[in-house]
Amino acid sequence: MSEENVVLKIENLKKSFGDKEVLKGVSFEMKKGETKVIIGPSGTGKSTLLACINMLVVPNGGKIWLENEEVTSAKNLNKIRQEIGFVFQDFGLFSHLTALKNIMIGLTKVKKMEKEAARELAMAELKRVGLEKEASLYPAQLSGGQKQRVGIARALAMKPKIILFDEPTSALDPELIGEVLSVMKNLALSGMTMLVVTHEMGFARTVSDEIIFMENGYIVEQSSPEEMFKNPKNQRTKEFLFKLNELYGE
Amino acid sequence: MEKIWNIAVKYWPKLLEGLGVTMEMTLISVVAGFLIGIVLAIARVYGNKFFYGLSTVIIEIIRGTPLLVQLFILYYGLPPLGVNLSPFIAAIIGFAINSGCYQAEYLRGSIQSISGTQMKAARSLGMSKTEAIMQIIMPQALRRVIPAWTNEFIYLLKYTSLAYIVGAPELMAQAKFIASRNFQFFEVYLVVAVIYLVVVLLFTKIFSILEKKVEIPGLEWVR
Amino acid sequence: MWVTLQITFFTLGLGLVLALPISFGQIYGNKLLKAIIAVYEKILRSIPELVILFLIFYGFPRIGVRFSPFAAVVIGLGLRSSAYQSQVFRGAINSVSKTQMRAARSLGMSNFQGFVFIVLPQALRIALPPWTNEFTIVLKDSSLAYALGVTEILRQGGYIIATKHEPMIIYLTVAVFYFVVTIVINKSLGRVEKKLAIPGFDVKETVR
Ligand SMILES: Nc1ncnc2c1ncn2[C@@H]1O[C@H](COP(=O)(O)OP(=O)(O)OP(=O)(O)O)[C@@H](O)[C@H]1O
Ligand SMILES: [Mg+2]
């Protein structure tokens, strides 16, 4: 694996829970600085796919590479997970730690960084998501949008090669979605490699380089946003986009 | 094993008699404790400063001291003051007061878990405070407190064993009597342990079936 | 008086030392281990403390181990306490949401790190109030040592009465002792609780 600039490469990835096959052979790759959006109906395996990428769920078949390292055969998964950021739908903030400490703990405990250096970096990341004032608040004292921005800052602080977002805004009240999306947009513009499961079509259209439509454990179609929205090749893609438009229509 | 069996066979009337007393004490105490508990809980939640203070002090003192000490005060402390209680009566009074204070706290938790709007709604219909407590709040609170209450029954069932120390003729006392005759202390207490185990498990089972039967949607239990 | 406090501390300590592995076993163990622990807890919770004490005091000499009454009390009450404390810890650990561990792993923490840095600090906060409660229960149960002839405070009171004939005053004094210690325990652990308090962690329960 030595193709220039490929950060993530996934080849024929398969995953079953019991006799239920959720991922039936998924392949794609991501170059440095790219943002890709995954869309698809509920229960298609989008979350499972993301969880497989950093081995929070262990796949049954296929291969994953992070740059030159094969994730699927890696000895030290914890090392690899540091290099893959993960942003959860339900934020995943540690309830007993302040916003600042939430970011610091990965740096001090996992990366073994000095406390002061960690604090500085954490503070900088909080600033980046516009929350330096909220540094000493606990998750229970933050709004949903603020929580998710802390979640993003926490992932960022680990200096990952790629960040995976699993429906980062779908647990938020409509008026809070914007602040999170704008943080993500800036992130994409700054050159971060991002794989985002979302149904925010505005974001997909303006920010992403490619949209992947998944259904029933397969990638049905993948193309640039213009392509995808103007003339989807697959009938199913058409129907799904039509439905999305009705649901979230802008 | 054989020894144990022999004890069960030879002394079952005595053991049964003891178990009878144990059950009797448990039942009387739990019911009397329930009445005491209701009064204390209502005083603590709805009472004026005086009743609130009084019930709080009683509850905290009883819950802050061992049951055994309370029994000693009733059984050994009172006679010099001219009050002579039989072991059985002294034990039951002790259990009832002790249990009443714990039950009061369960009830209080239950009452307080019922939203304040229930009270407001009742008053808005023109009910007096007392009527509202009796007609609206208590029926809900009592239903929610059932699991805590069944736990309390099991606790008392076990704690009545303390009564033997002041000489009430319950199961432990019978065991001691038997053991002092045949000197097979371990075997005798093993039999007693099994009896308690069976009775406790039996009641636990019965209660859990009953709880399911009387559950009302939306009025889930507080544990 | 010291004997009463000693019994309380040793019992609580023994209970704690046993309860932690028991609660881990109950959460992370295999089916067989879980079943064994469930039976252990059920039995110890269903038999009166007094019976447990007698079984230990009279039972162990049968296998050649003779305990002093004091030791028998600590072991008996300690075993019982372990059954309660393990439930407290288990409940607390289980009440920390599974997603917390998942988030920890996503940062590259090992299972062990996730448990120590993320799950445990939350679980301990949740466990503190019921644990305080268990502390006071053990204190009160230490009076059962009376039945095995240990000279704890209640029996000491009895000895004084034998010469002074003032049972009411003496036993009330004993009661005051327990009451004061209970208050001290509640207040100081309550202070610890306040110190560790975090928004979003205000769990309160009344358990006997
Ligand atoms: N741990 C698991 N055990 C068993 N089945 C699972 C597990 N995780 C996911 N599944 C199943 O796998 C399928 C895909 O789930 P997944 O969460 O990946 O879907 P999704 O595309 O993210 O859907 P959604 O849009 O609802 O989030 C679902 O049918 C789900 O029930
Ligand atoms: Mg999902």
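Since the structure is predicted, the reported quantities are computational estimates derived from the model, not experimental observations.

Q: I keep staring at the site of ligand 1 and nothing clicks. Help me out?
A: All names here are of chain A. The environment of ligand 1 is formed by Phe17, Lys20, Val22, Ser42, Gly43, Thr44, Gly45, Lys46, Ser47, Thr48 and Glu167. In the model, an oxygen atom of ligand 1 is placed 3.1 Å from a nitrogen or oxygen of the threonine 44 main chain. Contacts to ligand 1 include threonine 48, whose side-chain N or O atom sits 2.4 Å from an oxygen atom. In the complex, 60% of the free accessible area of ligand 1, which totals 640 Å², lies under the protein chains. Within the residue set of the shell around ligand 1, elements represented by two or more residues are β2 (20-31) and α1 (46-53). Ranked by residue count, the leading element in the shell around ligand 1 is α1, at three residues. Grouping the amino acids of the shell around ligand 1 by side-chain chemistry returns two nonpolar, six polar and three charged.

Q: Just to check I follow, could you spell out the packing of aromatic side chains for this structure?
A: Given two aromatic rings, their pairing is described by the distance between the two centres and the angle made by the two planes. As enumerated under the stated definition, the model contains 27 aromatic pairs over all chains in all. Aromatic pair Phe54(C) and Tyr58(C): ring centres 6.0 Å apart, planes at 35°, arrangement tilted. Within this pair, Phe54(C) and its partner Tyr58(C) are both found in helix α3 (residues 49-59), separated by four residues, close to a single helical turn. Among the aromatic residues, those joined into a cluster by ring pairs are Tyr164(B), Phe183(B), Phe185(B), Tyr189(B), Phe54(C), Phe57(C) and Tyr58(C). Looking at Arg205(A), its charged tip hangs above the ring of Phe229(A), at a distance of 4.5 Å from the centre. Above the face of the Tyr146(C) ring, Arg155(C) is positioned so that its terminal group lies 4.3 Å from the ring centre.

Q: Hey, could you run me through the side chain of Ser86(C) in this one?
A: Mapping Ser86(C) onto the fold places it in helix α4 (residues 69-95). Beyond its immediate stretch of four places on either side in the chain, Ser86(C) contacts Ala19(C), Ile22(C), Ser23(C) and Glu41(C).

Q: Would you mind showing me how to read the sheet that holds strand β6 (residues 84-87) of chain A here?
A: Consider a sheet: its strands pair through backbone hydrogen bonds, and that pairing is either parallel or antiparallel. Residue and element names in this part refer to chain A. Ordered in space as β6-β7-β8-β3-β9-β10, the six strands form an open sheet in which the pairing is mixed. In the strand order of this sheet, the two ends are held by β6 and β10 (218-223), each with one partner. Averaged over all adjacent pairs, the angle separating strand axes in this sheet is 20°, with direction ignored. Pairing analysis gives four bridges linking strand β7 (residues 162-166) to strand β8 (residues 194-197), with the strands arranged parallel.

Q: Any chance you could explain the pattern of salt bridges here in plain terms?
A: Side chains bearing opposite charge may pair, as long as their charged atoms lie close to each other. Residues and elements named next belong to chain A. Across all of its chains, the model carries 22 salt bridges over all chains by this definition. The partner of glutamate 67 in a salt bridge is lysine 161, with the nearest N and O atoms 3.3 Å apart. Placement of the pair is glutamate 67 in the loop between β4 (61-66) and β5 (69-70) and lysine 161 in the loop between α5 (144-157) and β7, with a sequence separation of 94 residues. Glutamate 67 sits in the partly exposed class, given a relative accessible area of 34%. Its relative accessible area of 29% is what places lysine 161 among the partly exposed residues.

Each value, and the rule that gives it
- Residues numbered from 1 in each chain as written.
- Chains lettered and ligands numbered in written order.
- Predicted model: local features only at pLDDT ≥ 70, side-chain atom pairs only at ≥ 80, totals over all residues.
- Heavy atoms only, no water.
- Near = heavy atom within 4 Å.
- Polar contact = N/O pair within 3.5 Å; in protein donor to acceptor, adjacent residues only side chain to side chain.
- Areas by Shrake-Rupley, 256 points an atom, 1.4 Å probe, with all protein chains shown as cover.
- Helix = DSSP H or I, 4+ residues; strand = E, 2+ residues; numbered from the N terminus.
- Nonpolar A, V, L, I, M, F, W, Y, C, P; charged D, E, K, R; others polar.
- Phe/Tyr/Trp six-rings, centres within 6.5 Å; stacked < 30°, edge-to-face > 60°.
- Lys NZ or Arg CZ within 6 Å of the ring centre and 35° of its normal.
- Contact = heavy atoms within 4.5 Å.
- Pairing = 2+ DSSP bridges.
- Axes fitted to C-alpha atoms, helices over the stretch in contact; angles between N-to-C directions.
- Salt bridge = Lys/Arg side-chain N within 4 Å of Asp/Glu carboxyl O.
- Buried < 20%, exposed > 50% of the residue type's maximum accessible area, 1.4 Å probe, protein only.

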